[in-house]
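Here is what each chain is made of, one letter per residue.
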Amino acid sequence: MREKQNNWQRIEAVIKWANMTTNYFARYIGLARGENLYQIKRGNNGISLDVADRIVAKFPQVDKLWLLTGEGQMFADVRSRGAQIPFYDVDVEQQIVGVAHLTADSYLVAAPVGECDLAMVYTGRAMGSLVPPGTVVLLKAVEREAIIPGEEYVVVCRKIVTLRVVRAAETEGKYRLVAGNRDDFDDIVVDAGDIVSIYKVKGKLIVNS
């Protein structure tokens, strides 16, 4: 039964990456209706060579061997397209602490931003126009010593989790977390020792500005 579930998970990954509904995807690859795909979802059918050929004909970047067997990577040339970044459709400030217990909703491919660990949604308002509510932020976990003053980070402290611009504070051993909207949000000063983890914002997909 596990292999049948994996079959659908691979089909679903392509559908989500293509940003299509299941029925539209079925029509797009030349199936008369989506019933064939739903049979795969129910575990009644595997991925036939015909279905794999139809998908690869429309999406040549998808690796056919991976589609049929689950071996290898989703994309035939992962180096040229960039790595798959797990995307969690949840608020980053609310959920990043428990990310190890979450299941990715889909995967993003964003080659220009370099190596990332995950992507989440920022729904706060403190960052103003720099990071509007609804922005998908692409994140990379870094060491505290790697902080670059003036860059944007998701900072996880013992009492707060926030996305801010991180700057050195006037007092040694402290950081000043600066909002993009400084008219409505004050700076937050935290002790370096209170920072549990920190994620650099490597890229932003502003989808709801």
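Undergrad: What exactly am I supposed to notice about the overall build of the protein here?
TA: The helix and strand tally for the protein stands at seven helices and nine strands. Counting all 209 residues of the protein, 40% fall into the buried class. Residue pairs in contact within the protein that sit at least 24 positions apart in sequence constitute 53% of those at least 6 positions apart. Split by element, the accessible area of the protein, about 11600 Å² in all, is 46% carbon and sulfur.

Undergrad: Even after reading the chapter, I still don't get the packing of aromatic side chains, so can you show me in this structure?
TA: The geometry of an aromatic ring pair is captured by the separation of the ring centres together with the interplanar angle, meaning the angle of the planes. A full pass over the atoms with the stated rule returns five aromatic pairs. Seen from their ring centres, Trp 17 and Phe 59 are 5.8 Å apart, and the 70° between their planes marks the pair as edge-to-face. Here Phe 59 lies in the loop between α4 (49-58) and α5 (64-69) and Trp 17 lies in helix α1 (residues 2-18), a separation of 42 residues in the sequence. With relative accessibility at 21%, the residue Trp 17 sits in the partly exposed group. For the pair Tyr 24 and Tyr 28, a centre-to-centre distance of 6.3 Å together with 20° between the ring planes defines the contact as stacked. Placement of both Tyr 24 and Tyr 28 in helix α2 (residues 22-28) is noted, with a separation of four residues, approximately one turn of the helix. Judged by its relative accessible area of 42%, Tyr 24 falls in the partly exposed class.

Undergrad: Where do I start with the confidence of the model for the protein in this structure?
TA: Parts of the prediction with low pLDDT should not have their coordinates interpreted in detail. Residues of the protein with pLDDT of at least 70 account for 89%, and the chain-wide mean is 86. Averaged pLDDT values over the elements of the protein bottom out at 52 in helix α6 (residues 78-81) and peak at 97 in strand β5 (residues 152-157). Confidence drops under pLDDT 50 across residues 1-5; counting only partners more than four residues distant or on other chains, this segment forms four contacts.

Undergrad: Mind showing me how you'd approach unusual backbone geometry here?
TA: Of all residues except glycine, most have a negative phi; of all peptide bonds, most are trans. Positioned with a positive phi, Asn 19 is a non-glycine residue whose angle comes to about 60°. Following the sequence through the fold, Asn 19 ends up in the loop between α1 and α2. Accessibility expressed as a relative area gives 70% for Asn 19, which makes it exposed.

Undergrad: How should I be thinking about the environment of Ile 160 in this particular structure?
TA: Inspection of the secondary structure puts Ile 160 in the loop between β5 and β6 (161-168). Residues in contact with Ile 160, not counting those within four places in the same chain, are Val 155, Leu 177, Ile 188 and Val 190.

Undergrad: Before we go on, may I ask you to explain α4 in this structure?
TA: Since one α-helical turn is 3.6 residues long, residues separated by three or four positions face the same way. Burial in α4 covers these residues: Val 51, Ala 52 and Ile 55. Angular distribution of buried residues about the axis of α4 spans 100°; they occupy a single face of the element. Looking at α4, the residues exposed on the side facing more than 90 degrees away from the buried face are Leu 49 and Ala 57.

Undergrad: Looking at this structure, how should I read the pattern of salt bridges?
TA: Working definition: two side chains of opposite charge can pair if their charged atoms are close together. This model, assessed by the stated rule, comprises nine salt bridges. A salt bridge links Glu 151 to Lys 200, with the shortest nitrogen-to-oxygen separation between them at 3.5 Å. Residue Glu 151 is located in the loop between β4 (135-142) and β5, and its partner Lys 200 is located in strand β9 (residues 195-205); the two are separated by 49 residues in the primary sequence. By relative accessible area, Lys 200 is classed as buried at 16%.

Undergrad: What exactly am I supposed to notice about the nonpolar core here?
TA: Buried together is how nonpolar side chains tend to be arranged in soluble globular proteins. Of all hydrophobic cores here, the largest spans 21 residues; its most connected members are Ile 11, Val 14, Phe 25, Leu 37, Ile 55, Phe 59 and Leu 67. Of all elements in the fold, only α1, α2, α3 (35-42), α4 and α5 reach the threshold of two or more residues within this core. For this core, the element with the highest residue contribution is α1, accounting for four residues. Contacts of Ile 55, omitting those with residues within four sequence positions, involve Ile 11, Val 14, Phe 25, Ile 29 and Leu 67.

Conventions we followed
- Residues numbered from 1 in each chain as written.
- Predicted model: local features only at pLDDT ≥ 70, side-chain atom pairs only at ≥ 80, totals over all residues.
- Heavy atoms only, no water.
- Helix = DSSP H or I, 4+ residues; strand = E, 2+ residues; numbered from the N terminus.
- Buried < 20%, exposed > 50% of the residue type's maximum accessible area, 1.4 Å probe, protein only.
- Contact = heavy atoms within 4.5 Å.
- Areas by Shrake-Rupley, 256 points an atom, 1.4 Å probe, with all protein chains shown as cover.
- Phe/Tyr/Trp six-rings, centres within 6.5 Å; stacked < 30°, edge-to-face > 60°.
- pLDDT = per-residue confidence, 0-100.
- Arc of directions from axis to C-beta.
- Salt bridge = Lys/Arg side-chain N within 4 Å of Asp/Glu carboxyl O.
- Core = buried A, V, L, I, M, F, W, Y, C linked by side-chain atoms within 4.5 Å.

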